[in-house]
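Fold and geometry: a report
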Amino acid sequence: MTKYPLLVRDVLKRKHFESAKLIAGHQGVNRQVLWTHILEIKDFDSLINGGELILTTGVGLQLERATQIAYLQNLIRNDAAALCIEIGDYFDHVPAELVAMADEHHFPIIIFDKIVRFIDITQDLHTYIINQHQQALTQLDTISKTFMELSLMPNGILKILQVLHQDMDAHFLFISEDTKSFYYPVEAKKYLRLIEEHCQQHDVQEPIHLLSIHRDHFVMIPVNGLGQVWGYLCMHTKLPKPSNYTLLNLERATMSIAHILMRNRMLQERQQSREDEFILALIQGQPVDIQHYQSYLPIESRNLFHRVVVLNIHYQAQTVSEEDWQEVQLHNAMYVRSILKKLGFFPTVSVRQHEIIILAFYIAADYVKENQDSFDQAIHQIVSRKAPQPFDQLAITFGISNVYQSIESVPQGYKEAKSVIQMQHNQLASSIYFKDLGVYRLLLQQDNATLLQYVKDYLQEILLIDQKNGHDLYQTLGVYLACNGAKNDTAEQLFIVRQTLYKRIERLESILGADFLQAPYRLNLEMAMKAYELLKKTAPDLLRF
């Protein structure tokens, strides 16, 4: 482990390589040298670990060409750093086939035209590597203490990135779904969107993730907390493979960043409790001192609007502990809050057992106060999120109220959002917006007794006939009305012949009258059918005639 990795190009500048020549693999001079090894045999799979600078006099290469090629292939396969050959009595030149193979794999081949003492080379390089190793250990200890100190300071994540940059002269970023992203120096901002998109498109789970895009190389280390990935520390590097020092340094930095996020999380939980108290008081219609909770609300403005958004959340697995459920609900709330903030909202969030309530404030001109595109975008991002195990089996239903300006409208907005969720669960609506519920918006305001009487007034005789004789008059009436009295279309949708349809229509006319397709009678029938469908889902026991 060295802070500054020893590369092949660095080796070529050492005193003992003054007469050496690089004859192949010129594009591989950035390969890291971890050790040196004198190798004079052809079978060596168990003798090298990778990263070795191989020294040989060519004794093992005094064989037919196929054996020489196999020897070089074996070095490349075992990830040796480079091959140094002493040209002399045992090996007088490097064949063109070997040079071509080395160039193809960017594997450096270095030759010595003069006799060199391999013992001097190994002593020089090993001394350098060991000294760098000791210095790196000391530096790691010092920088770890610095990270811990910075984790207790304001804006600690950015300060940690600054220290990393000073230590390794590279660009650093911290990417997170739930919190603000950071980068340092300012030039690193150009990679921000690239890395964010990569994290959104790929489920990065491995402890060390290496990413190469064109000529840019990145090392990504997950920042973990409470069994979840809270973000990624990312380093832009010139080398496709980072040194051990780099990895250890990044791991220590991620631990300190995790401490910062944990502390912020505790503060957020405390704030969450206050927001829960505030929203609960509002939806229950209790008196609220707005000034006391002003920190959770945006500044009043003539163009400030809000909707109440409710997320009904259930875990599809058979069992989940209460502690785990509280954790996933809090994590979901943090994620939803971050998504809304990025889209320009000012969210106030409350977490309950199986729902998240959001007062989504936003500023808009009167003619675009619906702001539906932004809400659609937020819902899409929430739904498409790749949740970590074991919380990837969440069933989420959304309800969004009408647009309001007054904070006193929150109880009504909450009721509307809950109504939307109820209608979706009952499969009577597919839209997530209250304004799209149509006539159900009126029916939901009525008590069941009123709805039942309305159904009896218009549909009781038809329903009784169907119950007694097993007929399909109710279904026929619904399709006939939907087809605006078009008999051909009605018969096709019911999969019956026209003669059967004519008999059913005659029966309907005998019960309802020949003018039941005319307004306002038709409107009354359609309203009664909607009321019947609502009662079937919400109060089926009442439907006894």
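Conventions we followed
Residues numbered from 1 in each chain as written. Predicted model: local features only at pLDDT ≥ 70, side-chain atom pairs only at ≥ 80, totals over all residues. Heavy atoms only, no water. Helix = DSSP H or I, 4+ residues; strand = E, 2+ residues; numbered from the N terminus. Expected span 1.5 Å × (residues − 1). Buried < 20%, exposed > 50% of the residue type's maximum accessible area, 1.4 Å probe, protein only. Contact = heavy atoms within 4.5 Å. Polar contact = N/O pair within 3.5 Å; in protein donor to acceptor, adjacent residues only side chain to side chain. Salt bridge = Lys/Arg side-chain N within 4 Å of Asp/Glu carboxyl O. Core = buried A, V, L, I, M, F, W, Y, C linked by side-chain atoms within 4.5 Å. Pairing = 2+ DSSP bridges. Phe/Tyr/Trp six-rings, centres within 6.5 Å; stacked < 30°, edge-to-face > 60°. Lys NZ or Arg CZ within 6 Å of the ring centre and 35° of its normal. Axes fitted to C-alpha atoms, helices over the stretch in contact; angles between N-to-C directions. Parallel < 35°, antiparallel > 145°, perpendicular 65-115°, else oblique. Left-handed = near helix turned anticlockwise from the far one by under 90°. Nonpolar A, V, L, I, M, F, W, Y, C, P; charged D, E, K, R; others polar. Arc of directions from axis to C-beta. Patch = residues over 30% accessible without salt bridge, like charges linked within 9 Å, V, L, I, M, F, W, Y side chains within 5 Å. Areas by Shrake-Rupley, 256 points an atom, 1.4 Å probe, with all protein chains shown as cover.

1. What to know about helix α2 (residues 65–77)
Its 13 residues place the ends of α2 18 Å apart at the C-alpha level, agreeing with the 18 Å of an ideal helix rising 1.5 Å per residue. Every buried residue of α2 is accounted for by Thr67, Gln68, Tyr71, Leu72, Asn74, Leu75 and Ile76. Looking at the buried positions of α2, the neighbouring elements they touch are β3 (52–56), β4 (82–86), α3 (96–104) and β5 (109–112). Two residues or fewer past α2, Asp79 is found with a positive phi of approximately 60°.

2. A look at the side chain of Glu196
Tracing the backbone shows Glu196 in helix α6 (residues 192–201). Glu196 sits in the buried class, given a relative accessible area of 17%. Ignoring sequence-local partners within four residues, the contact set of Glu196 consists of Ile175 and Ser181.

3. Focus on the environment of Arg302
The residue Arg302 is located in the loop between α7 (244–283) and β11 (304–315) in this model. Using a relative accessible area of 60% as the deciding quantity, one classes Arg302 as exposed. When the C-alpha atoms of Arg302 and Ile363 are compared, they prove to be 8.7 Å apart, with 61 residues separating the residues in sequence. At 3.4 Å, the side chain of Arg302 and the side chain of Asp366 are in polar contact.

4. Looking at the pattern of salt bridges
As enumerated under the stated definition, the model contains 18 salt bridges in all. For Glu196, the salt bridge is made with Arg193, and the minimal N-O distance between the two is 3.7 Å. Within this pair, Glu196 and its partner Arg193 are both found in helix α6, separated by 3 residues, close to a single helical turn. As a salt-bridge pair, Glu355 and Arg352 come within 3.3 Å of each other at their nearest N and O atoms.

5. Let's talk about the nonpolar core
Of all hydrophobic cores here, the largest spans 38 residues; its most connected members are Leu459, Ile462, Leu477, Leu512 and Phe516. Listing elements by their share of this core, those giving two or more residues are α10 (410–425), α11 (440–443), α12 (448–469), α13 (473–482), α14 (487–494), α15 (498–512) and α16 (521–538). When near neighbours in sequence (up to four residues on either side) are disregarded, Phe516 contacts Leu477, Tyr480, Leu481, Leu508, Glu509, Tyr521, Arg522 and Leu525.

6. A few points about the pairing of β3
Along a regular strand, successive side chains alternate from one face of the sheet to the other. In terms of burial, β3 is a largely internal element, 5 of the 5 residues being buried. Alternating residues of β3 divide into Glu52, Ile54 and Thr56 and Leu53 and Leu55, and every residue in both groups is buried. Taken together, the 4 bridges between strand β2 (residues 35–38) and β3 define a ladder with parallel strand orientation. Opposite His37, over in β3, you have Ile54 as the bridge partner. In terms of strand pairing, β3 meets β4 through 4 bridges, oriented parallel.

7. Here we look at the packing of aromatic side chains
Summed over the entire model, instances satisfying the criterion amount to 10 aromatic pairs. With a centroid separation of 5.7 Å and an interplanar angle of 80°, the aromatic rings of Tyr362 and Phe375 are classed as edge-to-face. A residue pair is termed long-range when its members are at least 10 positions apart, and Tyr362 in strand β13 (residues 355–363) and Phe375 in helix α9 (residues 372–383) qualify at 13 residues. Taking relative accessible area as the criterion, Phe375 reaches 2% and is therefore assigned buried. One aromatic cluster is present, built from ring pairs that chain together Phe305, Phe345, Tyr362 and Phe375. Above the plane of the ring of Phe375 lies Arg307, whose end atom (NZ or CZ) is 5.2 Å from the centre.

8. Comments concerning the packing of α13 against α14
Packing of α13 against α14 leaves a shortest axis separation of 9 Å and a crossing angle of 130°. Taken together, the axes of α13 and α14 are oblique relative to one another. Handedness of the α13/α14 crossing: right-handed. Judged by residue contacts, Gln475, Thr476, Val479 and Tyr480 of α13 engage Lys487, Thr490, Gln493 and Leu494 from α14. Classifying every residue of the contact of α13 with α14 by side-chain character gives 3 nonpolar, 4 polar and 1 charged.

9. Digging into α9
The first and last C-alpha atoms of α9 sit 16 Å apart over 12 residues, in line with the 16 Å expected at 1.5 Å per residue. The set of residues buried in α9 consists of Ser374, Phe375, Ala378, Ile379 and Ile382. In a view along the axis of α9, the buried residues occupy a sector of 135°, so they form one face of it. Opposite its buried face, α9 presents the exposed residues Asp373, His380 and Val383, each directed more than 90 degrees away.

10. What about a nonpolar patch on the surface?
On the surface, Leu34, Trp35 and Ile130 cluster together to form a nonpolar patch covering roughly 270 Å² of accessible area. With relative accessibility at 41%, the residue Leu34 sits in the partly exposed group.

11. Let's talk about the environment of Val163
Relative to the helices and strands, Val163 resides in helix α5 (residues 156–168). Assessed through its relative accessible area of 17%, Val163 is described here as buried. Separated by 12 residues in the primary sequence, Val163 and Ser151 place their C-alpha atoms 12 Å from one another. Once residues within four sequence positions are removed from consideration, Val163 is found in contact with Ile143, Thr146, Phe147 and Leu150.

12. So, the packing of α12 against α15
As a packed pair, α12 and α15 sit with axes 10 Å apart at the nearest point and diverge in direction by 140°. In terms of orientation, α12 lies oblique with respect to α15. At the point where α12 passes α15, the crossing takes the right-handed sense. In this structure, α12 contributes Tyr458, Glu461, Ile462 and Ile465 to the contact, and α15 contributes Arg507, Leu508, Ile511 and Leu512. Grouping the constituent residues of the contact of α12 with α15 by class yields 6 nonpolar, no polar and 2 charged.

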